[in-house]
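The residues making up each chain are set out below.
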There are 2 protein chains.
Amino acid sequence: MTELAKPDSVPTPREAPTPREAPTPREAPTPRGASTPREAKNGAREGRGNATIYDIAKVAGVNPSTVSRALSKPGRVSVKTQKLIEDAAAGLNYHVNPFARALPTGRTSTLGLIVADITNPTFFDIIRGTESTAAVRDYTLVLAESAESAVTELMTARRLMATVDGLILASPRMDDDDIRALARDKPVVVINREVEGVLCVVPDVNKGIGEAVRSLAAHGHQKIAFVAGPPQSWMSGRRWEGVQAACDWSRLEAVRLESTKPTIEGGRQAARAVRASGATAVLTYNDLLAIGLMQELQAAGIEVPGQISIVGFDDIFGADFTTPPLTTVRAPLRQSGSDAAKLLLQILHGGAEDSFVVQAESELVIRGSSGPLVTR
Amino acid sequence: MTELAKPDSVPTPREAPTPREAPTPREAPTPRGASTPREAKNGAREGRGNATIYDIAKVAGVNPSTVSRALSKPGRVSVKTQKLIEDAAAGLNYHVNPFARALPTGRTSTLGLIVADITNPTFFDIIRGTESTAAVRDYTLVLAESAESAVTELMTARRLMATVDGLILASPRMDDDDIRALARDKPVVVINREVEGVLCVVPDVNKGIGEAVRSLAAHGHQKIAFVAGPPQSWMSGRRWEGVQAACDWSRLEAVRLESTKPTIEGGRQAARAVRASGATAVLTYNDLLAIGLMQELQAAGIEVPGQISIVGFDDIFGADFTTPPLTTVRAPLRQSGSDAAKLLLQILHGGAEDSFVVQAESELVIRGSSGPLVTR
DNA sequence: GTAGCGGTGGCAACCGATTGACAAAAATTG
DNA sequence: CAATTTTTGTCAATCGGTTGCCACCGCTAC
């Protein structure tokens with residue numbers, strides 16, 4: 001059967017297998033790199049490459065398809081053959097080839113995560129959360145960054161789409177429409193932004209903001225400044241609205257100030273505007289701004305919180321290293337990452353709603369940078 | 001030939017192609033999910049799934065293999081066909097299927113990175129460096145963590161090995177032998193540890209340590225304590241040796257103290273031993289230990305640096321948030337990550353030595369936590 | 001005794017791209 | 001203009017799993 005006894009060339013393609021006794025054509029030793037004299041000792045599989053289901057099949061004396069079933073469809077084969085195959089697999093130290101599996105099925109056991117800027121510590125916790133939940137379910141995390149550019153982001157997303165089962169977009173910069181287009185292809189979850197028709201994980205900012213404003217009001221502050229983040233940031237808008245609402249409720253005055261960039265440097269630059277505003281308490285779009293602001297104010301001889309209270313946002317790593325430690329509205333970053341991954345996994349397996357917003361809780365963490373005014 | 005004269009079905013598989021006129025078997029409309037009545041309108045490729053080289057071939061009127069060559073082997077096909085194919089590809093919005101490519105070739109355009117603990121900020125910069133260089137060369141980064149366990153680490157590494165072209169191990173916890181075994185399979189680069197016979201990227205600790213010790217000596221310190229990291233940490237050992245050598249050279253006394261864990265908490269716990277040691281200056285295995293130590297000493301009313309100088313290691317994010325800001329021996333973390341990726345890419349393409357140690361430079365960053373003793 | 005039936009296992013067709021071998025066409029040369 | 005070399009394109013096999021369909025097996029039931 002399938003005698004490829006041809007001296008060279010003409011490999012007798014798929015010769016008619018006499019139905020009953022023809023073994024698999026794999027029997028034929030036609031090594032891929034026949035040109036390279038690597039001399040593959042056939043049968044023992046010692047050379048490059050790992051064991052395949054065909055090897056297992058040979059050892060266990062069954063058909064490859066049976067091996068495939070035994071290994072992925074529990075209950076589809078008899079316990080006896082199951083054991084036989086499992087033993088053979090263990091003996092050969094078998095591991096499935098993810099690519100070979102992905103090709104026909106499309107399943108890759110891989111989740112993609114795109115962050116706007118790996119440099120930004122806010123994303124550290126999101127990455128952590130995502131990686132750890134993914135790992136628990138035996139999914140691998142693929143990480144990419146968009147360098148704060150909407151174009152790069154879209155390109156990166158498209159590239160990742162090909163290799164992952166689902167995609168997580170953390171604080172995406174691209175259009176709502178682009179996101180929806182992506183989501184039509186494969187499951188997508190967005191963190192820190194609401195997009196109609198797409199699964200989103202957004203922290204409930206209002207609780208933490210309410211706590212912060214009430215705390216400031218209780219300490220006698222009357223005018224509160226909010227240092228905003230980048231204009232494209234959906235979150236920045238929400239936080240400002242939250243601050244306004246909470247101030248209205250507590251009958252405080254709220255003013256909005258802009259920042260050049262949401263970094264320590266940006267915080268430093270905002271100091272002048274803050275002082276000019278006459279506010280005695282400041283909430284900033286994120287912790288980095290708060291830290292920069294505090295450094296600059298302190299350098300100018302202003303007491304924190306004696307003369308001005310500062311409250312940040314997020315509670316990033318290091319927020320408690322400052323002197324005084326930073327009071328901040330903690331966003332459940334790690335949980336958001338984790339929730340996003342869970343949601344994605346749920347869709348991939350159980351199946352869930354197509355559109356849903358998860359509300360994680362934010363809370364005020366009172367440290368040293370906020371407090372009563374000290375009149376001297 | 002091949003008469004499998006089954007009564008019905010029988011899609012005439014791989015019918016002997018009369019060499020000259022038989023069209024490709026793909027022509028036959030036997031959709032995969034024939035059971036699901038999805039009614040794939042044949043030819044226009046509008047349903048699920050993306051365009052393939054077969055679609056391009058059909059549009060351009062050439063053979064699929066020609067398409068493959070046009071798209072990956074520059075110069076192998078004529079400019080005319082090249083253009084024809086590229087246009088068709090663009091028109092169909094074609095993207096290669098990475099799995100289909102990986103299956104025969106083994107190339108995945110993916111790099112794996114395993115870190116001991118995603119929680120540890122030291123790794124953030126390594127991740128950044130790796131991701132950015134990988135991205136520049138159009139490689140994707142796959143991230144995994146080993147939860148500080150040698151066993152998990154090895155398992156994770158084995159899992160990743162299947163999907164990546166090369167692997168980067170940041171501060172690995174596993175055996176030298178296990179690492180070498182991994183390296184036999186695919187290119188491996190180790191960061192922050194030297195393993196005989198494996199490519200390594202290790203910072204040259206001595207320069208920074210020398211600067212630190214000389215600086216302390218210049219400020220009149222005579223006895224220096226080193227708070228060590230985990231016993232399994234190769235780096236911790238090297239740093240202690242460096243401190244000893246530098247102290248010998250400057251004729252200072254060096255004592256080694258142990259820590260329970262390399263975290264802020266561990267630093268706090270080390271405060272007692274530090275005070276008991278009688279040293280007036282401390283170097284710690286990493287910044288986290290330094291920060292915890294400083295917090296605890298300050299809480300006990302000790303002046304930093306007036307009564308005791310503290311020097312950390314690494315210069316992680318946030319090291320300059322403290323009051324006083326932390327003096328530290330900066331390790332080129334980001335560059336290490338980047339170098340590791342570059343090295344890997346070099347092996348995968350150009351080819352380089354099999355064993356090589358890259359020495360990146362460390363340097364002292366003087367901030368506020370070190371200085372002269374203030375006798376009162 | 002035979003029809004009916006659920007449980008098992010085998011066959012072969014895929015998934016989409018790559019590549020060695022080779023043939024046809026084109027370009028070069030004598 | 002024929003002989004030879006170089007391009008250029010085609011064929012078919014292959015990577016390693018997955019899966020629809022069918023055949024066969026041993027049982028029970030009528």
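Residues numbered from 1 in each chain as written. Chains lettered and ligands numbered in written order. Predicted model: local features only at pLDDT ≥ 70, side-chain atom pairs only at ≥ 80, totals over all residues.

To continue, consider helix α7 (residues 176-185) of chain B. Residue and element names in this part refer to chain B. Buried residues of α7: I179, L182 and A183, and no others. Considered in projection along α7, the buried side chains sweep an arc of 100° and stay on one side of the axis. More than 90 degrees from the buried face of α7, the exposed residues found are D177 and R184. On its buried side, α7 packs onto α6 (150-161), β3 (166-170) and β4 (188-191). (Buried ≥ 20, exposed ≤ 12 C-beta atoms within 10 Å, placed from the backbone. Helix = DSSP H or I, 4+ residues; strand = E, 2+ residues; numbered from the N terminus. Arc of directions from axis to C-beta. Contact = placed C-beta atoms within 7 Å.)

Turning next to the relation of the copies chain B and chain A. Superposing chain B onto chain A requires a rotation of 180° together with a translation of 0.0 Å along the rotation axis, leaving an RMSD of 0.1 Å. Overall, the copies show the geometry of a two-fold rotation axis. Most of the interface of chain B is mirrored in chain A, where 91% of its interface residues again form contacts. (Least-squares fit on C-alpha atoms with pLDDT ≥ 70 in both.)

Residues and elements named next belong to chain B. Most of strand β1 (residues 110-115) is tucked away: six of the six residues are buried. With burial as the criterion, each face of β1 is covered, one bearing T110, G112 and I114 and the other bearing L111, L113 and V115. Note: β1 against strand β2 (residues 140-145), six bridges, orientation parallel. By the bridge assignment for β2, I114 is matched with A144. Chirality of the crossover, the property in question, places the unit of β1, helix α5 (residues 122-136) and β2 among those that are right-handed. As defined by bridge partners, β1 adjoins β3 across five bridges and the pair is classed as parallel. Opposite L113, over in β3, you have I168 as the bridge partner. (Pairing = 2+ DSSP bridges. Right-handed = clockwise from strand over helix to strand, strands pointing away.)

All right, on to the interface of chain B and chain A then. Each partner contributes residues to the interface: chain B has 33 residues there, and chain A has 31 residues. For the side of chain B that touches chain A, the elements supplying multiple residues, two or more each, are α4 (98-105), α5 and β2 of chain B. By residue number, the principal contributor to the side of chain B that touches chain A is β2 of chain B, which donates six residues. Its residues placed into classes, the side of chain B that touches chain A shows 19 nonpolar, nine polar and five charged. In terms of strand pairing, strand β2 (residues 140-145) of chain A meets β2 of chain B through three bridges, oriented antiparallel. When the bridges of β2 of chain B are listed, L141 of chain A appears paired with L143 of chain B. (Nonpolar A, V, L, I, M, F, W, Y, C, P; charged D, E, K, R; others polar.)

Moving on: the domain arrangement of chain A. If you check the domain split of chain A, you get domain 1 (41-96), domain 2 (108-203 + 335-358) and domain 3 (205-331). Distance between the C-alpha centres of domain 1 of chain A and domain 2 of chain A: 36 Å. (Domains from an automatic or database assignment.)

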